[in-house]
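Observations on the three-dimensional arrangement
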Amino acid sequence: MPNAPHKNPQYGLRIPSEIMDKLKYIADRNGRSANKEIEQLIIKHIEAWEKAHGAILFDDGFVPRSRS
């Protein structure tokens, strides 16, 4: 089925080459792709934010684009 929606939305990320190279180095040492390393960093960031501020429930009127 061409152009079937993917279950995970994509996001184009622009970062300096030096940062990307270092990220890839870390990802390789962790046995991950750069994409999975970024995903793990995002998960840790969300967990830290929710620990400090409470669970993100989307009950304040905010609608993420991935859900609209």
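Data block above holds the structure.
Residues numbered from 1 in each chain as written. Predicted model: local features only at pLDDT ≥ 70, side-chain atom pairs only at ≥ 80, totals over all residues. Heavy atoms only, no water.

Let us now look at the overall build of the protein chain. Within the protein chain, the regular secondary structure consists of two helices and zero strands. About 6700 Å² of surface is accessible on the protein chain, with carbon and sulfur atoms providing 54% of the total. (Helix = DSSP H or I, 4+ residues; strand = E, 2+ residues; numbered from the N terminus. Areas by Shrake-Rupley, 256 points an atom, 1.4 Å probe, with all protein chains shown as cover.)

Moving on, we come to the layout of surface pockets. The computed volume of the largest pocket comes to approximately 990 Å³. Lining the largest pocket are 20 residues, with Pro 9, Gln 10, Tyr 11, Glu 39 and Ile 42 positioned closest to its centre. Per element, the largest residue contribution to the lining of the largest pocket is eight residues, and it comes from helix H2 (residues 34–53). By residue class, the composition of the lining of the largest pocket is 11 nonpolar, six polar and three charged. (1 Å grid on protein atoms, 1.4 Å probe; cavity = no way out; pocket = protein on both sides within 12 Å on 5 of 7 lines; lining within 4 Å. Points joined across faces, edges and corners; volume = space filled by probe spheres on them. Nonpolar A, V, L, I, M, F, W, Y, C, P; charged D, E, K, R; others polar.)

Examined against the element boundaries, Arg 32 turns out to sit in the loop between helix H1 (17–29) and H2. Using a relative accessible area of 34% as the deciding quantity, one classes Arg 32 as partly exposed. Those residues in contact with Arg 32 that lie beyond four places of it in its chain are Ala 27, Glu 37 and Gln 40. One polar contact links Arg 32 to Glu 37, side chain to side chain, over a distance of 3.1 Å. (Buried < 20%, exposed > 50% of the residue type's maximum accessible area, 1.4 Å probe, protein only. Contact = heavy atoms within 4.5 Å. Polar contact = N/O pair within 3.5 Å; in protein donor to acceptor, adjacent residues only side chain to side chain.)

What follows concerns the packing of H1 against H2. The geometry of H1 relative to H2 is characterised by a closest axis approach of 9 Å and an angle of 90 degrees between their N-to-C directions. By the angle between their directions, the pair H1 and H2 is classed as roughly perpendicular. Contact residues: H1 offers Met 20, Leu 23, Lys 24, Ile 26 and Ala 27, while H2 offers Ala 34, Glu 37, Ile 38 and Leu 41. Taken together, the residues of the contact of H1 with H2 sort by class into seven nonpolar, no polar and two charged. (Axes fitted to C-alpha atoms, helices over the stretch in contact; angles between N-to-C directions. Parallel < 35°, antiparallel > 145°, perpendicular 65-115°, else oblique.)

Limitation: the analysis is restricted to geometry and does not speak to function.
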